Amino acid sequence: MAIETEQLEYWADVFCMHGIGKYMTLPAFLQHPEKYFQEITGGDYRPLLPRQKAAVARIHRRFDDLDAAIDEVEAKVEHLRRIENGHCYEQLKHHANGRT
């Protein structure tokens, strides 16, 4: 089945947004996207309302900020971490300062 570029972009977005990759690959999904989408969602899919889309956007922005903050904190403590026997641990401060 030949698919136009606009349709390809639409169905690829649907594939990513709904996590369909848990069930099949994108090329397999694109063979019959309407059929597979209805099967996976149980035919009960309804698009989000505008206010719901706005809420999703706000949530994603908050998570982006949170991810950046976590990365910043982890960068600050990276030098304190060691891995031994496959386990990550942080030294106690009094051991890190050379005191026993």
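In the block above lies the structure referred to throughout.
Residues numbered from 1 in each chain as written. Predicted model: local features only at pLDDT ≥ 70, side-chain atom pairs only at ≥ 80, totals over all residues. Heavy atoms only, no water.

A. Focus on the overall build of the chain. For the chain, the helix and strand inventory stands at five helices and two strands. Ordered by position from N to C terminus, the α and β elements of the chain give α-α-α-α-β-β-α. The proportion of buried residues among the 100 residues of the chain is 11%. Relative to all contacts within the chain whose residues are 6 or more apart in sequence, the contacts with residues 24 or more apart total 15%. (Helix = DSSP H or I, 4+ residues; strand = E, 2+ residues; numbered from the N terminus. Buried < 20%, exposed > 50% of the residue type's maximum accessible area, 1.4 Å probe, protein only. Contact = heavy atoms within 4.5 Å.)

B. Expanded view of a nonpolar patch on the surface. A surface patch of nonpolar side chains, amounting to about 370 Å² of accessible area, comprises Ile59, Phe63, Leu66 and Ile70. The topology assignment puts Ile70 in helix 4 (residues 50–77). (Patch = residues over 30% accessible without salt bridge, like charges linked within 9 Å, V, L, I, M, F, W, Y side chains within 5 Å. Areas by Shrake-Rupley, 256 points an atom, 1.4 Å probe, with all protein chains shown as cover. Salt bridge = Lys/Arg side-chain N within 4 Å of Asp/Glu carboxyl O.)

C. Representation of helix 1 (residues 5–17) in the model. Between its first and last C-alpha atoms helix 1 spans 18 Å; for 13 residues at 1.5 Å apiece the expected length is 18 Å, and the two agree. For helix 1, the full list of buried residues reads Trp11, Ala12, Val14 and Phe15. Burial along helix 1 is one-sided: seen end-on, the buried residues are contained in an arc of 160°. In helix 1, the exposed positions that point more than 90 degrees away from the buried face belong to Thr5, Glu6, Cys16 and Met17. Where the residues of helix 1 are buried, they touch helix 2 (26–29) and helix 3 (33–41). Taken from the residues just after helix 1, Gly19 is the one with a positive phi, measuring 65°. (Expected span 1.5 Å × (residues − 1). Arc of directions from axis to C-beta.)

D. Representation of a positive patch on the surface in the model. Taken together, the side chains of Arg51, Arg58, Arg61 and Arg62 define a basic patch exposed on the protein surface. With respect to the helices, strands and loops of the structure, Arg58 is situated in helix 4. (Lys, Arg positive; Asp, Glu negative; His and termini not counted. Charge placed at Lys NZ, Arg CZ, Asp CG, Glu CD.)

E. The nonpolar core, seen in detail. Within the largest apolar cluster, nine residues are counted, these being Trp11, Val14, Phe15, Ile20, Met24, Phe29, Leu30, Tyr36 and Phe37. Going through the elements one at a time, helix 1 and helix 3 are the ones with two or more residues in this core. Of all the elements, helix 1 adds the most residues to this core, at three residues. (Core = buried A, V, L, I, M, F, W, Y, C linked by side-chain atoms within 4.5 Å.)

F. Highlighting the pattern of salt bridges. Applying the stated rule across the entire model yields one salt bridge. Measuring nitrogen to oxygen at the nearest pair gives 3.7 Å for the salt bridge that ties Lys76 to Glu72. Of this pair, Lys76 and Glu72 both sit in helix 4, separated by four residues, roughly a single helical turn.

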